[in-house]
Structures are given as structure tokens and as C-alpha cells.
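Letter by letter, the chains look like this.
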Amino acid sequence: MKRGGDDGAKRRAGESAADTVDDGMVVGLGTGSTAAHAIRAIGRAVDGGLDVAGIPTSYQSRALARESGVPLTSLSEAAPDVAIDGADQVAGRVLIKGGGAAHAREKLVDAAADRFAVVVDERKLVDALDAPVPIEVLPAAREPVAGAVRDLGGDPDLRAAANKDGPVVTDNGNLVVDADFGRIEDPAGLAREVAALPGVVEHGLFVDLADEIHVGSDDGVEVLEF
């Protein structure tokens, strides 16, 4: 495959996963630019007669689904047959997510789905995860969690909002600490340690949840299945 990382590669990945959605399914709708292409594609299919319902993982995905004409439901009403979501890095079945600060709700929906389809362009594939791990924390837990991250060998950084003063605030009303652990040799072990820290709502390590990965490039899509 010709290597690609532009919007065309993302679109192809998102549309590839959307093509697997069948009539009558409940679909988890991920957050981010690549998942957005899947939501738009599902909306076009709904306009053509496809009968589905979506479970959004963020305010952003909810708004896009409504704009695209995708009917919505919730986890209290139905379980997803499939969840379609992006990732910031992919190493086999292990992901780092949370670039959009929606990873707590994303993990809830993705883990509840019968099938979790990850949509990325080729730039997201790595041999080993090494990107900072987003950690959603209760506001009062910011400093204790930062100290605990340092004890685990990480470098914590409170995520600042891009277009306003102050930190990023999640849809859940919490803060995000991006923890740089360098090359992560044991993602499952680190996931357990971070999850156990008091004040942590959720972290962006998604371990062994992915069932398939739709990898977009300049000339097509490769689907990796597990």
C-alpha cells in the first residue's frame, strides 16, 4: 500500500468500517477526524434507507450524528453491535486514545460493543506505543495523580485548552493529564497501575479491545483482523 496520512486516507478508513454496518445494528460512534468520516458515511446510508441507531461517545460525535441524520440511542437503551472509533497510536491490539479528551466514554462504548473496529491512517501504526497517555482525572486529584505518575516513571502534563485560557475540560467535567512514559514495554501492566490510582476516571490505554483495524492509505484500505 502506498503510505498516506492525509484526509483521503482517513476518509477511506472510516468509510471502510462504515461499510460493515448492517441493517438493524446499533453502532458506537467514535470521536475524532477519522471516526467523523464513518459517521458521515453511516448518515448517507441512513438517507438511503439503512435502519440503524448510533451511540455517540462525545458531544462532538452526537452533534455530527444529528447533522448527518443518524438516529441516536444510549447504552441504557441498547448495546452496540459494533463500535467504530479512531486511535492516536496502534500497536497490534493495543491502542492509545484520548487526543480528543473523550476516551472515558469511548472506552465505555467500545468495550460494550460486540465488535470494535478501529479506523486510522498508516501513520498511526507503530511497533511499540510511545505517545503520551491521556488520563482523565477528577479536578481535585490533579496534583496527587501527577505525583503518582512521576512515581511510575512518567512525565505528567496538564492539557491546556487550545483556544482559551485554562485547561481542557472533558464532557464529564474533568481534567486531562497527558503522561509521557516513553516507550511502553508493558501496556497491560501500565494500564492496571494507572487505573488503580485514586482520582483517575479513565486512561487512554485500550488493551486487547480491538477486533479489527481499518488502515487507510493513499490507494486503499487494509483490514487487520484479530
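Now for a quick tour of the structure. (Residues numbered from 1 in each chain as written. Predicted model: local features only at pLDDT ≥ 70, side-chain atom pairs only at ≥ 80, totals over all residues. Heavy atoms only, no water.)

## Here's the deal with unusual backbone geometry
Phi angles above zero are rare outside glycine, and A101 is one such case at about 60°. Looking at where A101 falls in the secondary structure, it is placed in the loop between β5 (94-96) and α4 (103-112). Exposure remark for A101: the relative accessible area of 10% places this residue in the buried category. The phi dihedral of D208 is positive, around 55°, even though this residue is not glycine. The residue D208 is located in the loop between β11 (205-207) and β12 (212-216) in this model. Of the residues examined, D208 reaches a relative accessible area of 45% and is grouped as partly exposed. (Helix = DSSP H or I, 4+ residues; strand = E, 2+ residues; numbered from the N terminus. Buried < 20%, exposed > 50% of the residue type's maximum accessible area, 1.4 Å probe, protein only.)

## Digging into the pattern of salt bridges
In this structure the tally under the stated criterion is 10 salt bridges. As a salt-bridge pair, E185 and R183 come within 2.9 Å of each other at their nearest N and O atoms. When salt bridges with common partners are traced through the structure, they connect R11, E15 and R44 into a single cluster. (Salt bridge = Lys/Arg side-chain N within 4 Å of Asp/Glu carboxyl O.)

## Things to note about empty space enclosed by the protein
Remark: the empty space left among the atoms is shown by a probe the size of a water molecule rolled over them. Applying the stated rule across the entire model yields 1 cavity of 30 Å³ or more. Lining the largest cavity, in full, are T57, S58, A101, A102, H103, A104, R105, E136, T170, D171 and N172. Broken down by element, the lining of the largest cavity gets its largest block of residues, 3 residues, from α4. Here the lining of the largest cavity is built from residues that sort into 3 nonpolar, 5 polar and 3 charged. (1 Å grid on protein atoms, 1.4 Å probe; cavity = no way out; pocket = protein on both sides within 12 Å on 5 of 7 lines; lining within 4 Å. Points joined across faces, edges and corners; volume = space filled by probe spheres on them. Nonpolar A, V, L, I, M, F, W, Y, C, P; charged D, E, K, R; others polar.)

## Focus on helix α3 (residues 59-68)
Where α3 is concerned, the buried positions are S61, L64 and A65. The buried residues of α3 occupy one face: seen down the axis, they fall within an arc of 100°. Across from the buried face of α3, at angles greater than 90 degrees, the exposed residues are Y59, R66 and E67. Contacts from the buried residues of α3 go to β1 (26-29), α2 (33-47) and β2 (53-56). (Arc of directions from axis to C-beta. Contact = heavy atoms within 4.5 Å.)

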